[in-house]
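These are the residues of each chain, in order.
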Amino acid sequence: NAIMYGYRASVAGSSLNIRTMGGLNQWLYSGTNVLDVPGGIITETMIDNWLTDIHTRRPDVKTLTLFGASNLINRINQIAKQGGTLQMSPNSKLYGMQINRYQGAVNLDLVDAPLMSGPYLRGWGWALDLTHISLKYLRPVILNKGVNNYNDDDFIRDRIRTEVSLKVSIQERHGMIRNGLA
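Please read all numbers here as calculations on a predicted model, not as lab measurements.

A. Spatial organisation of the overall build of the chain. A tally of regular secondary structure across the chain gives four helices and ten strands. When the helices and strands of the chain are read in sequence order from the N terminus, they spell out α-β-β-α-β-α-β-α-β-β-β-β-β-β. For the chain, buried positions account for 32% of its 182 residues. Restricting to contacts in the chain with at least 6 residues of sequence separation, those with at least 24 account for 68%. Within the structure as shown, the chain displays about 11,700 Å² of accessible surface, and the carbon and sulfur contribution to it stands at 51%.

Structure, rendered in structure tokens:
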């Protein structure tokens, strides 16, 4: 969760300095490609204008992946249903549509992100250019075997420790939707 929701901080203690990294939320929140939906009802025009703005800033961006809260993804599906026409075959067993890609100036692949289902992130989404995001190990992975084991334990505790960060290149290649409640 720290990679997604973390905020950068540093606390100096008497024997230990604690540092936390900033996650995607902190990095994108004040960025250039933020769609802050007034009134909480996102519309097709808002999405199209937002994608056009991203394309204007970075014409080389062709596809972004939108990791969004369930209600945001559902709202985008509702927009498609309202404007679309369904053609059914007589043998069909399902009715309706569920889209996985929103086509605009920049294509938007839709991914339902269950970790965004809490009360504070309803209607939020991150549009990411996955080719410009990577994990960076700041310290090597360390395996500590037999940590805090007691004589009456029927198991062995091991601990894996590392320090990683998220490298997100070129902020203008990514975007964020806030308050897009359905």
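That shown, we press on.
B. How the structure looks around unusual backbone geometry. The backbone of Ile170 shows a phi angle near 55 degrees, a positive value even though the residue is not glycine. When you line up the elements, Ile170 lands in the loop between strand E9 (159-168) and strand E10 (175-178).

C. Representation of the pattern of salt bridges. Scanning all chains against the criterion turns up five salt bridges. Linked through salt bridges whose partners overlap, the residues forming this network are Arg58, Asp60, Asp129 and Arg173.

D. Structural context of the environment of Lys136. The residue Lys136 is located in strand E8 (residues 133-144) in this model. By relative accessible area, which is 38% here, Lys136 ends up partly exposed. For the pair Lys136 and Glu163, spaced 27 residues apart in sequence, the C-alpha to C-alpha distance is 8.8 Å. Apart from residues lying up to four places away in sequence, Lys136 is in contact with Glu163, Val164, Ser165 and Lys167.

E. Structural view of the pairing of E10. Of the two faces of E10, both are covered, the one formed by Gly175 and Ile177 as well as the one formed by Met176 and Arg178. Summarising the sheet, strand E3 (residues 34-36) and E10 pair through three bridges and their orientation is parallel. Residue pairing for E10: Asp36 is matched across the bridge by Arg178. Note that strand E7 (residues 125-128) and E10 share three bridges and pair antiparallel. The partner of Ala127 across the bridge, within E10, is Gly175.

Reading guide: rules and limits
- Residues numbered from 1 in each chain as written.
- Predicted model: local features only at pLDDT ≥ 70, side-chain atom pairs only at ≥ 80, totals over all residues.
- Heavy atoms only, no water.
- Helix = DSSP H or I, 4+ residues; strand = E, 2+ residues; numbered from the N terminus.
- Buried < 20%, exposed > 50% of the residue type's maximum accessible area, 1.4 Å probe, protein only.
- Contact = heavy atoms within 4.5 Å.
- Areas by Shrake-Rupley, 256 points an atom, 1.4 Å probe, with all protein chains shown as cover.
- Salt bridge = Lys/Arg side-chain N within 4 Å of Asp/Glu carboxyl O.
- Pairing = 2+ DSSP bridges.

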